[in-house]
Amino acid sequence: WSSDVCSSDLNEALGVLRELAAFGEQGAHRQLCQLLHDLGRLDELRTMAEEGDALAGWLVADLLAAQGRGQELRALAEQGNPNARATVAAGLARQGRAVEAGRWLDVRTLTRILLAHGHAEAARRHATSLADSPVPGDRLLWARVLAEVGERESAVRLLTALVADGEVEAGEELVAMVVAD
C-alpha cells in the first residue's frame, strides 16, 4: 500500500470487507484475506484459519514462507495444512532432498515438483509405482519422467499407447515432445 493511504482509511476498508465477508459475500472474503496477506497481518489470518477458513490457512502458509519462518511453516505442515505441506516439500525438492520431500506429499505431487526443479533421477526413483498404475494420468506422468531421464523411446511408446486408449492429454504431450526435437 502506498504511503498516501491513511491508516484510518485502511482500517475502514478492512472493516467494510469484514462486514461483507461476515454476511457471506465471497468476493469480499477473498479481498479481505488477500489484503491481510499483503499487509503481513499473520495473526489475523491465523485466527481466521483456526476458525476453519481454508483460504486464510493457505495464505498463512504462504506468508510464513515469505517471511522465512521455516519452523512455524513445518509445524503448520505437521498439522496437515496442505499449502504448508506443499511449500515445505517444494523447498526440500529444490535442495535435492527428495526423500524428505516425499514425507510431505503424495507420489504424484512430489514427482511433479522434482521434475519442475530438475531432479529427474530422484523423480524416477519415487515414481516407479506410476508405471503400472491403472490411472492414465499416472502413466502420463511416468512418461514425462522417462522423457526427462533420457528414455525418450520408452516415453513415446507409452504416450502412443495412451493415445490409442483415447487419452487426449497424452496426445498433446506426444506432439509437444516431437515438436521439441
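That block above? That's the structure.
Residues numbered from 1 in each chain as written. Predicted model: local features only at pLDDT ≥ 70, side-chain atom pairs only at ≥ 80, totals over all residues. Heavy atoms only, no water.

1. Observations regarding the overall build of the chain
Link 1 in the chain: Each helix and strand counted, the chain has 12 helices and zero strands in total.
Link 2 in the chain: Ordered by position from N to C terminus, the α and β elements of the chain give α-α-α-α-α-α-α-α-α-α-α-α.
Link 3 in the chain: Relative to the compact-globule value of 16 Å for 181 residues, the chain shows a C-alpha radius of gyration of 21 Å, a clear excess of over 25%.
Link 4 in the chain: Projected onto its principal axes, the C-alpha coordinates of the chain cover approximately 65 × 35 × 30 Å.
Link 5 in the chain: Within the chain, the fraction of its 181 residues that count as buried is 36%.
Link 6 in the chain: In the chain, of all internal contacts separated by at least 6 residues, the share reaching a separation of at least 24 is 32%. (Helix = DSSP H or I, 4+ residues; strand = E, 2+ residues; numbered from the N terminus. Rg over C-alpha atoms; globule rule 2.2 N^0.38 Å. Buried < 20%, exposed > 50% of the residue type's maximum accessible area, 1.4 Å probe, protein only. Contact = heavy atoms within 4.5 Å.)

2. Some details on the packing of aromatic side chains
Link 1 in the chain: For the coordinates displayed, the defined rule picks out zero aromatic pairs.
Link 2 in the chain: Sitting over the face of the ring of Trp-104, Arg-103 holds its NZ or CZ atom 4.3 Å from the ring centroid. (Phe/Tyr/Trp six-rings, centres within 6.5 Å; stacked < 30°, edge-to-face > 60°. Lys NZ or Arg CZ within 6 Å of the ring centre and 35° of its normal.)

3. Topic: the pattern of salt bridges
Link 1 in the chain: Summed over the entire model, instances satisfying the criterion amount to nine salt bridges.
Link 2 in the chain: For Glu-72, the salt bridge is made with Arg-69, and the minimal N-O distance between the two is 2.7 Å.
Link 3 in the chain: Across the salt bridge formed by Glu-169 and Arg-144, the nearest N and O atoms sit 3.2 Å from each other. Of this pair, Glu-169 sits in helix α12 (residues 168-180) while Arg-144 sits in helix α10 (residues 136-148), placing them 25 residues apart in sequence.
Link 4 in the chain: The exposure class of Glu-169 is partly exposed, given its relative accessible area of 46%.
Link 5 in the chain: Members of the salt-bridge network, linked through shared partners, are Arg-46, Arg-69 and Glu-72. (Salt bridge = Lys/Arg side-chain N within 4 Å of Asp/Glu carboxyl O.)

4. Concerning the nonpolar core
Link 1 in the chain: Residues Leu-32, Leu-45, Trp-104, Leu-114, Trp-142 and Leu-159 are the most contacted members of the largest nonpolar core, which totals 54 residues.
Link 2 in the chain: For Trp-142, the residues in contact, after removing those within four places along its chain, are Arg-124, Ala-127, Thr-128, Leu-130, Ala-131 and Leu-158. (Core = buried A, V, L, I, M, F, W, Y, C linked by side-chain atoms within 4.5 Å.)

5. Some remarks on the environment of Gly-52
Link 1 in the chain: On the secondary structure map, Gly-52 appears in the loop between α3 (42-50) and α4 (54-66).
Link 2 in the chain: Each C-alpha atom, one on Gly-52 and one on Ala-86, is 19 Å from the other, the two residues being 34 residues apart in sequence.

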